[in-house]
Amino acid sequence: MTDRNRLIIFDTTLRDGEQSPGASMNLPEKLEIARALQELGVDVIEAGFPIASPGDFEAVQAVARQVEGVTICGLARCNADDIDRAWEALRDAAQPRIHVFLATSAIHREFKLKMAKEEIVRRAVQGVQRAKQYCEDVEFSPEDAARTELDFLAEVVEKAIEAGATTVNIPDTVGYAVPEQYAAAIRHLKQNVRGIDNVVISVHCHNDLGLAVANSLTALKEGARQVECTINGIGERAGNCALEEVVMAVKTRGDYFGIQSTINTKRLCPSSRLVAHVTGLLVQRNKAIVGQNAFAHEAGIHQDGMLKERRTYEIMQPEDVGLTKTELVLGKHSGRHALREKVRELGYHLDDAQLQRVFEQFKALADRKKQIYDADIEALAETQIHDGPAIWTLESFHTSAGTGTLPMAAVCLAHVDGRKVEDAACGDGPVDAVFKTVERITGISPELRDYQVRSVSVGEDAQGEARVEVEHEGRVQRGQAVSTDVIEASALAFLQAINRLAMRRQQRMNPQTEAVTVS
Ligand SMILES: [Zn+2]
């Protein structure tokens, strides 16, 4: 592969993706995703916006220190504090990149920044220069580039290159561009910016009009060689360009694009599932590449064709994107080694203690459930990465419910300090009664925004997965748990959300700087 036909995949699931409403992730979750991205073979991981919050800083630093073989990028506005902070987080990375951005469109200049064009150019240059003092790999983004006057855009980009930017990113921040016009903008830069052939042109498209992937692909035809994207296309508002779609489009239509990425496409489906589970943003069934129906053929005529020759109706093979059938994987007598291998294959990176807990849960599950599928193991592995230190744990519960009776629950919780607290409450049903009792014991009464139960695999004895989303004091928290008993799964999921709220409350008692909002 020559540099010219190599597509650089810049993943921003941990930065832009995390800005999806309700998708905030904790540190172990971010690390797990970063490792999955590394295995997937992305070139750059944008791990966060270090100055935005202490949590963001910590995440970028942890990814920079622990994830190898990939460029780790941190975002910064064009000011000294942001850039210094970004470097502090990135300095231990083997391949660090600082990504500085500054808005350039008329509407942003006038209303958001209140800066004239000259001031924008000056700040952009200073930002790139400061970043360059720290590291060789500097990316510059003129925010809202797609709505910026082409001549001014060319001027800013040229100055940023002169100042040392090695990648220039042309974001369609608000998802306003349409393919031909966006391609024309890239062409304009190619023709009018001095030095542009010595740097990588990058694209960052939002999906407000459903055009993020289309816009990114047309830009590739004009010479862009880096695509900024996220797993499952998650991100601010309607999201970003979907990594799996861009990668498979370029691969499947190699005849047209003539470029290649180094993505191990067999890791696409496992990565997609991981991100969906961690963020709680489930993938729609008909989603291209990674949706449940993406390779399902329903019409008889299609099925007939498929049986005769797959290629009659299939342009990609499910195995190519890592889609496996619901297979029976392990049984009651499977050992620790088999489980370890399976967990690895599913894309989870658990330490020995976590594996041991999964093994114990697996054995308990095998007693209750005849057949154990990939999805069951996945669900168990996942609880390990969600689990932070818990303030409250479930000791036991009992519910009674039925037609014509008052639903009641009795719950016993253990506090981390060793005490056990019991209480009971009535509710609209057994689940509601459990939630109310947990609220009484913990003294935290969030508003329940969403509650879902689904089976993780197939069969009457399938495990139920419960997900809750709660809101408390303006913060949204999620909880997720599995059990063959859906009331138990619900109780555990709710308790996980409560624990996260309780942790926040504790953290606030030792106050640190509050979060800055990101564009
Ligand atoms: Zn964005």
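Remember, it's a predicted structure, so these values are computed and weren't measured experimentally.

1. Topic: helix α13 (residues 336-345)
- Along α13, the residues that are buried comprise L339, K342 and V343. For α13, the arc enclosing every buried residue in end-on projection is 100°, short of the 170-degree limit, so these residues lie on one face. Within α13, the exposed residues directed more than 90 degrees away from the buried face are H337 and R344.
- Looking one or two places after α13, you find G347, whose phi comes out positive at around 100°.

2. A closer look at the coordination of the zinc ion
- The coordination sphere of the zinc ion contains the protein donors D16 (OD), H204 (NE2) and H206 (NE2), at a distance range of 1.9 to 2.2 Å.
- Classification of H206 by relative accessible area gives buried; the value is 4%.

3. Some thoughts on the sheet that holds strand β13 (residues 420-426)
- Spatial ordering of the open sheet is given by β11-β12-β13, a layout of three strands whose pairing is antiparallel. Since the sheet does not close on itself, it has two edges, and those belong to β11 (392-400) and β13, each with one partner. Taken pair by pair, the neighbouring strands of this sheet meet at an average axis angle of 15°, ignoring direction.
- Sheet analysis places β11 next to strand β12 (residues 408-415), joined by eight bridges and oriented antiparallel.

4. As for the pairing of strand β5 (residues 138-143)
- With six of six residues buried, β5 lies mostly within the body of the structure.
- Burial along β5 is two-sided: the residues V138, F140 and P142 and E139, S141 and E143 are all buried.
- As paired strands, β5 and strand β6 (residues 167-172) are joined by two bridges and run parallel to one another. Across the sheet, E139 pairs through a bridge with T167, a residue of β6.
- Regarding topology, helix α6 (residues 150-163) serves as the crossover connection from β5 to the parallel β6, and that connection is right-handed.

5. Structural notes on the packing of aromatic side chains
- Scanning the entire structure with this criterion turns up six aromatic pairs.
- A centroid spacing of 5.0 Å and a plane angle of 90° characterise the contact between Y256 and F257, whose relative ring orientation is edge-to-face.
- Judged by its relative accessible area of 45%, Y256 falls in the partly exposed class.
- Owing to a relative accessible area of 15%, F257 belongs among the buried residues under this scheme.
- Among the aromatic residues, those joined into a cluster by ring pairs are F435, Y451 and F494.
- Positioned above the aromatic ring of F57 is the side chain of R85, whose terminal nitrogen or guanidinium carbon lies 3.7 Å from the ring centre.

6. Focus: the environment of A242
- Take A242: it is sitting in the loop between β8 (226-229) and α9 (243-252).
- The exposure class of A242 is buried, given its relative accessible area of 4%.
- Placed 68 residues apart in sequence, A242 and V174 show a C-alpha to C-alpha distance of 16 Å.
- Filtering out sequence-adjacent residues up to four positions away, A242 remains in contact with V213, C229, T230, N232, G233 and K287.

7. Considerations on empty space enclosed by the protein
- Scanning all chains against the criterion turns up two cavities of 30 Å³ or more.
- Put simply, the second largest cavity is a space of about 30 Å³.
- Contributing to the lining of the second largest cavity are A36, R267, P270, S271, L274, L346, G347 and Y348.
- Sort the elements by how many residues they give to the lining of the second largest cavity and helix α11 (residues 268-279) lands first, with three residues.
- Here the lining of the second largest cavity is composed, by residue class, of five nonpolar, two polar and one charged.

8. Things to note about the pattern of salt bridges
- Counting across every chain of the model gives 40 salt bridges.
- For the salt bridge of D16 with R15, the shortest nitrogen-to-oxygen distance reads 3.6 Å. R15 matches D16 in its accessibility class, with the two residues each being buried.
- Residues participating in the shared-partner salt-bridge network are R15, D16 and E46.

9. Things to note about helix α5 (residues 117-134)
- The terminal C-alpha atoms of α5 lie 27 Å apart, and with 18 residues this matches the ideal 26 Å at 1.5 Å per residue to within 8%.
- Among all positions in α5, only I120, V121, A124, V125, G127, V128 and A131 are buried. Projected down its long axis, α5 shows its buried positions confined to an angular sector of 160°, all on one face. The exposed residues of α5 that point more than 90 degrees off its buried face are E118 and Q133.

10. Points about the packing of helix α7 (residues 179-192) against helix α8 (residues 212-221)
- Running from amino to carboxyl end, α7 crosses α8 at an angle of 40°, the nearest separation of the two axes being 8 Å. Judged by the sense of rotation from one axis to the other, the crossing of α7 with α8 is right-handed. Every residue of α8 that contacts α7 at P179, Y182, A183 and I186 is listed here: A214, N215, T218 and A219.
- Counted by class, the contact of α7 with α8 contains six nonpolar, two polar and no charged residues.

Criteria and cut-off values
- Residues numbered from 1 in each chain as written.
- Predicted model: local features only at pLDDT ≥ 70, side-chain atom pairs only at ≥ 80, totals over all residues.
- Heavy atoms only, no water.
- Buried < 20%, exposed > 50% of the residue type's maximum accessible area, 1.4 Å probe, protein only.
- Helix = DSSP H or I, 4+ residues; strand = E, 2+ residues; numbered from the N terminus.
- Arc of directions from axis to C-beta.
- Donors = N, O, S within 2.8 Å, 3.2 Å for Na, K, Ca; no water.
- Pairing = 2+ DSSP bridges.
- Axes fitted to C-alpha atoms, helices over the stretch in contact; angles between N-to-C directions.
- Right-handed = clockwise from strand over helix to strand, strands pointing away.
- Phe/Tyr/Trp six-rings, centres within 6.5 Å; stacked < 30°, edge-to-face > 60°.
- Lys NZ or Arg CZ within 6 Å of the ring centre and 35° of its normal.
- Contact = heavy atoms within 4.5 Å.
- 1 Å grid on protein atoms, 1.4 Å probe; cavity = no way out; pocket = protein on both sides within 12 Å on 5 of 7 lines; lining within 4 Å.
- Points joined across faces, edges and corners; volume = space filled by probe spheres on them.
- Nonpolar A, V, L, I, M, F, W, Y, C, P; charged D, E, K, R; others polar.
- Salt bridge = Lys/Arg side-chain N within 4 Å of Asp/Glu carboxyl O.
- Expected span 1.5 Å × (residues − 1).
- Left-handed = near helix turned anticlockwise from the far one by under 90°.

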